[in-house]
Amino acid sequence: MSKYTRSVTVFCGSHTGNKPEYSEAAKALGIGLVENNLRLVFGGGNVGLMGIISNTMLDMNGAVKGIIPKFLQKKEGQHSRVQDLIVTQDMHTRKDILYKEADAFLCLPGGIGTFDEFFETLTWKQLHLHDKPIIVVNIANWAEPLLKQIHAIVEQGFADPSILNLFEVTVDIPETLKRLNQAFSK
Ligand SMILES: Nc1ncnc2c1ncn2[C@@H]1O[C@H](COP(=O)(O)O)[C@@H](O)[C@H]1O
């Protein structure tokens, strides 16, 4: 395993989605994390975009830590190549480790599991339970409806406008890596 300087917890789909850009971005992120000496912390599965990122990094001898709950080991194809793998008793323990191990969070294209993890890190930041960077990586505009909904709740008076400062949005992997390096150099 390579030496790493910081850890990035990545939330993303257990599916690959229906645009090639999603898988391409997952691969590019895996390469970029290794090239920037960053460790991947992820859900530990071998499926979807998370499978692409982790396998890309393992092929390059990158640092990868997986955290998977026991009941998902079969469903999400527990990653036999990930040596640094923690098997938890439940989802809450998994999420706790995913959050504690992170120096920053990336939210890539995904479904409701990805949304759940994104919103939990966002709400915890709003509650000052952490102050780690959260970056929504808006590949091929996948996050547009999500961002519109967040702006809508601000306009409707259900959230303070300051929540818009709790996360950043990038459009591709090079910009994302640049933002991570800026955040980590502070
Ligand atoms: N309800 C959930 N809470 C936390 N994490 C979840 C939940 N449902 C699924 N997950 C995990 O998130 C990834 C990505 O899920 P997608 O629905 O594909 O975005 C999934 O692999 C689960 O491990």
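Here goes a summary of the coordinates provided. Remember, predicted model here, so these are calculated numbers, not experimental data. (Residues numbered from 1 in each chain as written. Predicted model: local features only at pLDDT ≥ 70, side-chain atom pairs only at ≥ 80, totals over all residues. Heavy atoms only, no water.)

1. Some points on the pattern of salt bridges
Okay, so step 1: Across all of its chains, the model carries nine salt bridges by this definition.
Okay, so step 2: Between Lys-65 and Asp-84 there is a salt bridge whose closest N-O contact spans 3.4 Å. Pair noted here: Lys-65 is in strand β3 (residues 64-69) and Asp-84 is in strand β4 (residues 84-88), with a separation of 19 residues, a long-range link.
Okay, so step 3: Judged by relative accessible area, Lys-65 falls into the buried class, the value being 9%.
Okay, so step 4: Linked through salt bridges whose partners overlap, the residues forming this network are Arg-39, Lys-65, Asp-84 and Glu-101. (Salt bridge = Lys/Arg side-chain N within 4 Å of Asp/Glu carboxyl O. Helix = DSSP H or I, 4+ residues; strand = E, 2+ residues; numbered from the N terminus. Buried < 20%, exposed > 50% of the residue type's maximum accessible area, 1.4 Å probe, protein only.)

2. Some words on the packing of aromatic side chains
Okay, so step 1: Applying the stated rule across the entire model yields seven aromatic pairs.
Okay, so step 2: Measuring from centroid to centroid gives 6.1 Å for Phe-115 and Trp-142, while their planes differ by 40°, and the two rings are tilted. Here the residue Phe-115 occupies a position in helix α4 (residues 112-126), and Trp-142 occupies one in the loop between β6 (134-137) and α5 (144-155), the gap between them amounting to 27 residues.
Okay, so step 3: In this structure Trp-142 comes out as buried when scored by relative accessible area, which is 13%.
Okay, so step 4: Seen in terms of ring centroids, Phe-118 and Phe-167 are 5.9 Å apart; in terms of plane orientation they differ by 90°. Their pairing is edge-to-face. Within this pair, whereas Phe-118 is found in helix α4, its partner Phe-167 is found in the loop between α5 and β7 (168-170), the two being separated by 49 residues in sequence.
Okay, so step 5: Phe-118 sits in the buried class, given a relative accessible area of 1%.
Okay, so step 6: Through a chain of ring-to-ring contacts, the aromatic side chains of Phe-11, Tyr-99, Phe-105 and Trp-124 assemble into a single cluster. (Phe/Tyr/Trp six-rings, centres within 6.5 Å; stacked < 30°, edge-to-face > 60°.)

It is worth stressing that arrangement in space is one thing and function is another; only the former is reported here.
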